[in-house]
There are 2 protein chains.
Amino acid sequence: MNKEEIKKVSTAFKEYSSKMSAYNEALGLMFWDLRTGAPKKGASQRSEVIGMLSSEVFEMSTSSEMAAYLAKLTPVDGDLDEITCALLDECQKEYDRNKKIPAKEYRDYVVLQSKAEGIWEEAKEKGDFSMFQPYLEKLVATTKRFTDYWGYGENKYDTLLDLYEPGVTVGVLDEVFNELKGKIVPLVHKISHAEAPRTEFLFDHFPKEKQKDFSLKVLEQMGYDFSAGRLDETVHPFAIGLNPGDVRVTTKYDEKDWRTAVFGTIHEGGHALYEQNISEKLVGTPLCTGTSMGIHESQSLFYENFVGRNLSFWKKNYALLKDFSTGQFDEVGLEEFYRAINESKPSLIRIEADELTYALHIIIRYEIEKGLFNDEIEVKDLPRIWNEKYEEYLGIRPSNDGEGVLQDVHWAGGSFGYFPSYALGYMYAAQFREAMREDIPNFDQLLEEGNLVPVKEWLTERVHQWGKLKKPLEILEDVTGEGLNAKYLADYLTEKYAGVYSL
Amino acid sequence: MNKEEIKKVSTAFKEYSSKMSAYNEALGLMFWDLRTGAPKKGASQRSEVIGMLSSEVFEMSTSSEMAAYLAKLTPVDGDLDEITCALLDECQKEYDRNKKIPAKEYRDYVVLQSKAEGIWEEAKEKGDFSMFQPYLEKLVATTKRFTDYWGYGENKYDTLLDLYEPGVTVGVLDEVFNELKGKIVPLVHKISHAEAPRTEFLFDHFPKEKQKDFSLKVLEQMGYDFSAGRLDETVHPFAIGLNPGDVRVTTKYDEKDWRTAVFGTIHEGGHALYEQNISEKLVGTPLCTGTSMGIHESQSLFYENFVGRNLSFWKKNYALLKDFSTGQFDEVGLEEFYRAINESKPSLIRIEADELTYALHIIIRYEIEKGLFNDEIEVKDLPRIWNEKYEEYLGIRPSNDGEGVLQDVHWAGGSFGYFPSYALGYMYAAQFREAMREDIPNFDQLLEEGNLVPVKEWLTERVHQWGKLKKPLEILEDVTGEGLNAKYLADYLTEKYAGVYSL
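About the cut-offs
Residues numbered from 1 in each chain as written. Chains lettered and ligands numbered in written order. Predicted model: local features only at pLDDT ≥ 70, side-chain atom pairs only at ≥ 80, totals over all residues. Heavy atoms only, no water. UniProt positions renumbered as here; feature names shortened; annotations may be inferred. Helix = DSSP H or I, 4+ residues; strand = E, 2+ residues; numbered from the N terminus. Buried < 20%, exposed > 50% of the residue type's maximum accessible area, 1.4 Å probe, protein only. Contact = heavy atoms within 4.5 Å. Pairing = 2+ DSSP bridges. Least-squares fit on C-alpha atoms with pLDDT ≥ 70 in both. Buried area = accessible area lost by both parts, 1.4 Å probe. Salt bridge = Lys/Arg side-chain N within 4 Å of Asp/Glu carboxyl O. Polar contact = N/O pair within 3.5 Å; in protein donor to acceptor, adjacent residues only side chain to side chain. Expected span 1.5 Å × (residues − 1). Phe/Tyr/Trp six-rings, centres within 6.5 Å; stacked < 30°, edge-to-face > 60°. Axes fitted to C-alpha atoms, helices over the stretch in contact; angles between N-to-C directions. Lys, Arg positive; Asp, Glu negative; His and termini not counted.

### Observations regarding the UniProt feature "active site" (unreviewed entry) in chain A
All names here are of chain A. Those residues carrying the UniProt feature "active site" (unreviewed entry) are E268 in this numbering. Counting through the fold element by element, E268 comes out in helix α10 (residues 259–276). E268 gets classed as buried once you look at its relative accessible area, which sits at 10%. In contact with E268, other than residues within four places in its own chain, are P237, F238, A239, V249 and T250.

### With respect to the pairing of strand β3 (residues 246–251) of chain A
Residue and element names in this part refer to chain A. The buried fraction of β3 is high, at six of six residues. Neither face of β3 is left uncovered, since the one carrying D246, R248 and T250 and the one carrying V247, V249 and T251 both have all their residues buried. In the sheet, strand β1 (residues 231–233) pairs with β3 via three bridges, with the strands oriented parallel. Across the sheet, residue D232 finds its bridge partner in β3, namely T250.

### Details of the relation of the copies chain A and chain B
Look at the two chain copies: a rotation about an axis and a shift along it is all it takes to match them. For the pair chain A and chain B, the best superposition has an RMSD of 0.0 Å and corresponds to a rotation of 180° with a translation of 0.0 Å parallel to the axis. Read as a symmetry element, the transformation amounts to a two-fold axis. Across chain A, the rotation axis passes nearest the C-alpha of A26 of chain A, at a separation of 3.2 Å. When you check the interface residues of chain A against chain B, 100% turn up at the interface there too, and the contact is symmetric in its surfaces.

### What to know about the interface of chain A and chain B
Between chain A and chain B, the residue contacts involve 35 residues of the former and 35 residues of the latter. The largest contributions to the chain A side of the interface with chain B come from P39, K41 and Q45 of chain A, which together make up 18% of the buried area. At the boundary of chain A with chain B, the tally comes to ten salt bridges. For the salt bridge of R248 of chain B with D33 of chain A, the shortest nitrogen-to-oxygen distance reads 2.7 Å. At the junction of chain A with chain B, the criterion picks out 20 residue pairs in polar contact (both at pLDDT 80 or more). With eleven residues, helix α1 (residues 3–36) of chain A is the largest single contributor of residues to the side of chain A that touches chain B.

### With respect to α1 of chain A
Residues and elements named next belong to chain A. Compared with an ideal rise of 1.5 Å per residue, which puts 34 residues at 50 Å, α1 spans 49 Å between its outermost C-alpha atoms and is within 8% of the ideal. Its side-chain oxygen placed 3.1 Å from the backbone nitrogen of E4, N2 serves as the N-cap of α1. G37 sits one or two positions beyond α1 and adopts a positive phi of about 150°.

### A look at the packing of aromatic side chains
Residues and elements named next belong to chain A. Tallied over the entire structure, the rule returns 79 aromatic pairs over all chains. Here the aromatic rings of F146 and W150 are separated by 5.9 Å at their centres, their planes lie at 65°, and the arrangement is edge-to-face. Residue F146 and its partner W150 are located together in helix α6 (residues 129–150), separated by four residues, close to a single helical turn. Residues W258 and W314 carry aromatic rings whose centres are separated by 6.2 Å and whose planes lie at 75° to one another, so their mutual orientation is edge-to-face.

### Observations concerning the sheet that holds β1 of chain A
All names here are of chain A. Here three strands make up an open sheet; going across it, the order is β1-β3-β2 and the pairing mixed. Pairing within the sheet leaves two strands with one partner each, and these edge strands are β1 and β2 (239–243). For this sheet, the mean inter-axis angle between neighbouring strands, taken without regard to orientation, is 25°.

### A few points about the pairing of strand β3 (residues 246–251) of chain B
Residues and elements named next belong to chain B. The pairing of strand β2 (residues 239–243) with β3 spans four bridges and is antiparallel. Note that in β3 the partner of G241 across the bridge is V247. Turn length for the β2-β3 hairpin, with the two strands adjacent in sequence and antiparallel, is two residues.

### Points about unusual backbone geometry
Residues and elements named next belong to chain A. Notably, D375 is not glycine yet its phi reads approximately 60°, a positive angle. If you trace the backbone, D375 turns up in the loop between α14 (358–373) and α15 (382–394). What makes D375 exposed here is its relative accessible area of 56%. Here the phi dihedral of S502 falls at roughly 45°; this positive angle occurs in a residue that is not glycine. Following the sequence through the fold, S502 ends up in the segment after α20 (487–500). Taking the relative accessible area as the measure of exposure, S502 reaches 63% and is therefore exposed.

### Describing helix α7 (residues 156–164) of chain B
Residue and element names in this part refer to chain B. Among the nine residues that make up α7, seven are buried, leaving the element largely enclosed by the rest of the structure. Of the positions making up α7, those classed as buried are K156, Y157, D158, T159, L160, L161 and Y164. The secondary structure elements touched by the buried residues of α7 are α6 (129–150), α8 (170–193), α11 (293–307), α14 (358–373) and α16 (420–439). Looking at where α7 begins, the residue whose side-chain oxygen comes 2.9 Å from the main-chain nitrogen of Y157 is N155.

### With respect to the side chain of E297 of chain B
Residues and elements named next belong to chain B. Summarising the element assignment, E297 is placed in helix α11. No salt bridge is formed by the buried E297; the nearest opposite charge belongs to R350, separated by 6.9 Å. Of note is the side chain of E297, whose polar atom sits 3.4 Å from the side chain of H271. Residue contacts for E297: discarding those within four places in its chain leaves H267, H271, S421, Y422 and G425.

See below:
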């Protein structure tokens, strides 16, 4: 093609992909709406609508029109701008992934997923793995077949990891997870013999409306832009970026534990800052979102842990929290408060885990998934293996499968390879924190002043603005000058908990 | 085609039209969201998304796939069920209408509309018709050309009326509007010499939250299903049916005039009851909505006027309203309150008009539109003609075009033929009320008891459930045994205002 033809085709390609983005924005709004107040009786028809729009996007990703664009335009071609190249790369990957699965097998898989989620819910409630086992077996078998279609190099599981965190492999994870485990397990053991902080004051009644007022103040400090977002209530909190001008945070209020809403809002606020600050030039394209699950999680965990559970942050905010509370902190000093919100205690449920033990929950899931996809573990043995690992790493044992192997929805939804992103995000965050220390040596002082703007700006310049223009490991490398490294997280945890528990 | 082929094609056709419905549901949610709390900064990208989805629906309505369905399937064919026949009829009409406009002319028209709305807003604010005049001239000229493409019988304006109220013609409207005018104008004149009710207590401070609580109680009495809906705040109130399980009401609070929210909510609640009670068998099809603008308005006006401004309704509810108020009604008896909320006074602004004078506002617009499309009135003369008509029918004259000919957005949006629906709805409502009196002779007593369920059930059986399965005049005929008749509305108004003003 000559230059003019290339221009014409690439314009059409960009319009085509904008249409996919438009559908995704509509889908995002429907998702948000269903989870924040849509009337119950409309939900089943809404699911039909979501199904139809999703299929449309799926079909567009594998259509003959898409195939023609991908065949005609070459990312390496000097005539194409950076955005078009990244778009082509993204669409090519999606095309290959979706096109390689025979249509009938994909349809069967979608039906299986949806059935499995229903059964999982019931099985979890009854604590009965045997109900769920045949579905999980089919899900694993289907996913293995898909992995065969997609192809794999050294390790089948690498192909699954690549779905969520492009570039991260079993080789890399084995190394960093072993290092983390080696540092965290002894630390957990030490803490179990140290004196536990007083925490009972955390659980006094804290009115929902006041929790909300305080959460709003914190979001404001973080630099969350309320003219490009809003805060709503939901059951399973999330943040969602419809476009950078509309990034919504949701949270959950527990009047017997204000930490759920406050730390939850800070966490989701971290995700939201990412989506609000993606470069304007990516708006309306499929590149206008976080680059990976792991990098996204690095932003939420950065704010939740390095900001929200930091002593400096509370120097000013503790007084504010007291103002909104009904007096439960009157007799509690700042240091005591700080130790309480940083209590570490092995627990069975991942989403309730503290900052220190969280990674162990992830590592357990990683080891199991890797075993499953390398034919070293069979589905039927999962409850036993799960319980043994909890005993080994955390020193506690689930009393039933509901609080054990059945606790997370991920596997029922066919999401294998997703869990590691959580721990990756945590390691990335620690690496970013280290790099930030050089540029912002007065980090703690800024937190004391409640001036988080420089922190946000630093992250925007290095992470947020790029959207999917850069791959996750490219961002890590550009920001820190090195690859994935567990040391920074391990050092941070060691130092922090030494302080909290006077080890 | 043999039976089997017909079945196959009609199934594909229904799936195709469900997809159009799905897109419309997504569009509806985006519309609602933009008007109830979507972050401002996301609005421009949201408009792009809305534009893309709307074009998609438009293209689907005129695609070659649609053309093939319409060619292959015949509504009169005995092999097709009632829903498929109605669907075909609906899609054929849409196809003809959209296909007859050359694509380029339609695109130019959309651009013109959007520009005209912007200019209109500014012109209205400045009260300067001359700014808007060239745009309105173009809009009228384009619409005339479209009317030529669409074709027309006796009167060009009939084709425009048919867009909003199929079956209603200039011949019909001239007759009913003349009758209405003949009854209302002398009544308005008489009232202007009668003693005006005391109303100052209506305008005392009424806290927004309390208005909301009261409005919710009224919606509940009406039988609005809150598990299939919700009430939100907005600037220009509306009700929207996404599907019968999700029909949302919006309202506006004026702390200096509680009537805005309360009568507004009752009005929108009437629209909402219609959409909530459409038959399940139409869910997910384009037939699952009100059959016309006029029939929709008959439901909202029925509740707003025949229920909400009825003395019986307030026998119980006045005490409730007092409970929610801050004491402004303490010295006001029920009768005095009733007269106050039914005060009639000629006013310049349609949307603020009372029950009696409202129809005159509509008749003025009807006469002007008819004149425009029959080349009897030129756009440049509109301000003069408008003011003369207000003087003649209502005895008042706008002091500037902002409160005169520029007050409504309809013409700027190219909606000609729409205004009559408001008055039609009012007449339909009065005819329904007459028919209902036979079946529910204790109507007033039910209102006194706050038991509106039988009223809703009566309307559901005769109006709501049908969705677009029946045409507007078919519903009118089936419910009342006759065609459009202004007598019932005229009689109602005469009797009511004789009471309110002791004429």
